[in-house]
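What follows is each chain in one-letter form.
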Amino acid sequence: MYRFIIRLAFVSLILFIGLGSDYPESNAQVASISTTLPELRSEILEQLLEQKPEISLSYDGDRAELSKQFPALIRDTFAANDYIAYIVDSYLYTIRTWGTSAKIKLTITYRETAEQTRHVDQLINQVLPSIVVDKMDPLEKVTYIHDWIVEHVAYDTTLQRYTAMDALETGSAVCQGYSLLAYRMLSHAGVESRIVEGKVDSGSHVWNLVRLNNGWHHMDVTWDDPLPDRPGKVSHTYFLVNDRFMRQDHSWEKAYPMTR
């Protein structure tokens, strides 16, 4: 088993709430008006999935409830999509009140822009037909995708490359880039997966959960790739294993699907 330093670039949360004296709304256009918190969450998520760097909304519901619930609402919204959750670098929000309404502005910095994500999808569409074919069952698809990533990506010992774009364009990434690329490639292949955030002896780490017909399984592509890189060498030590096996040297606190 290969052990090496792993560092996860955590999403930094920069939060600012401007609730205070009422003042007129600015000239900036507001994209939509929500009257309930579920409506507000839905609208934020829709624009977040488009990777918009600025999101402006108007809320005409209970302002006291908004002030109390918004920090949790925004965290849950960002966590609703694993790919987005791990390409957001930081965000700032302001809430301004006027009369019975509130104006919300989110400013988001992404590690990977919407254009770059589209390029990731284009590159995956180019390479995927040479990796998997429709007649393959899900297990075969996951196996070939896992092995392709190990063979084509090397661990970034400079700890500078965190995205699927980095992994595809430079052939190098930290665990976050491995996991994002696996997540995206599996999605294109019609296989459901998650990104798991946890710890190993050397620090913070992320890997994937993969759903096959008989349930969920852990898949740590990063730890199946030797370091230093050995072209053509693929390990399957951490390929589709269960919670009990992973807990020997991985830990996590968030609630994820239990594995078989």
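How each quantity is defined
Residues numbered from 1 in each chain as written. Predicted model: local features only at pLDDT ≥ 70, side-chain atom pairs only at ≥ 80, totals over all residues. Heavy atoms only, no water. Axes fitted to C-alpha atoms, helices over the stretch in contact; angles between N-to-C directions. Helix = DSSP H or I, 4+ residues; strand = E, 2+ residues; numbered from the N terminus. Parallel < 35°, antiparallel > 145°, perpendicular 65-115°, else oblique. Left-handed = near helix turned anticlockwise from the far one by under 90°. Contact = heavy atoms within 4.5 Å. Core = buried A, V, L, I, M, F, W, Y, C linked by side-chain atoms within 4.5 Å. Buried < 20%, exposed > 50% of the residue type's maximum accessible area, 1.4 Å probe, protein only. Salt bridge = Lys/Arg side-chain N within 4 Å of Asp/Glu carboxyl O.

Trainee: Outline the packing of helix 4 (residues 114–127) against helix 7 (residues 175–188), listing residues and values.
Mentor: Direction vectors running N to C along helix 4 and helix 7 enclose 60 degrees, while the axes themselves pass 10 Å from each other. What the angle tells us is that helix 4 and helix 7 run oblique. Regarding helix 4 and helix 7, the two cross each other, and that crossing is right-handed. Facing Thr117, Val120, Asp121, Ile124, Asn125 and Val127 of helix 4, the residues of helix 7 in contact are Leu181, Arg184, Met185 and His188.

Trainee: Provide a residue-level description of the nonpolar core, including the pertinent values.
Mentor: Ranked by size, the top nonpolar core spans 65 residues in total, and within it Phe70 and Ile149 carry the most contacts. For this core, the element with the most residues is helix 7, which contributes 8 residues. Val196, Trp207, Trp216 and Tyr238 belong to the second-largest nonpolar core, a separate cluster that totals 11 residues.

Trainee: So, the pattern of salt bridges: which residues are in play, and what are the values?
Mentor: Going through the model one piece at a time under the given rule, you end up with 8 salt bridges. A salt bridge links Lys52 to Glu50, with the shortest nitrogen-to-oxygen separation between them at 3.4 Å. On the basis of relative accessibility, which here comes to 31%, the residue Lys52 falls in the partly exposed class. Among the residues examined, Glu50 registers a relative accessible area of 42% and is labelled partly exposed. For Arg161, the salt bridge goes to Asp156, with nearest N and O atoms at 3.3 Å.

Trainee: Got a sec to walk through the environment of Val221? Specific residues and values, please.
Mentor: Considering the arrangement of structural elements, one finds Val221 in the loop between strand 10 (215–219) and strand 11 (239–241). On the accessibility criterion, Val221 (2% relative accessible area) is buried.

Trainee: Outline the environment of Ala164, listing residues and values.
Mentor: With respect to the helices and strands, the residue Ala164 is situated in helix 6 (residues 164–170). In this structure Ala164 comes out as buried when scored by relative accessible area, which is 0%. Look past the residues within four positions of Ala164 in its chain and what remains in contact with it is Tyr83, Glu112, Val120, Gly177, Leu180 and Leu181.

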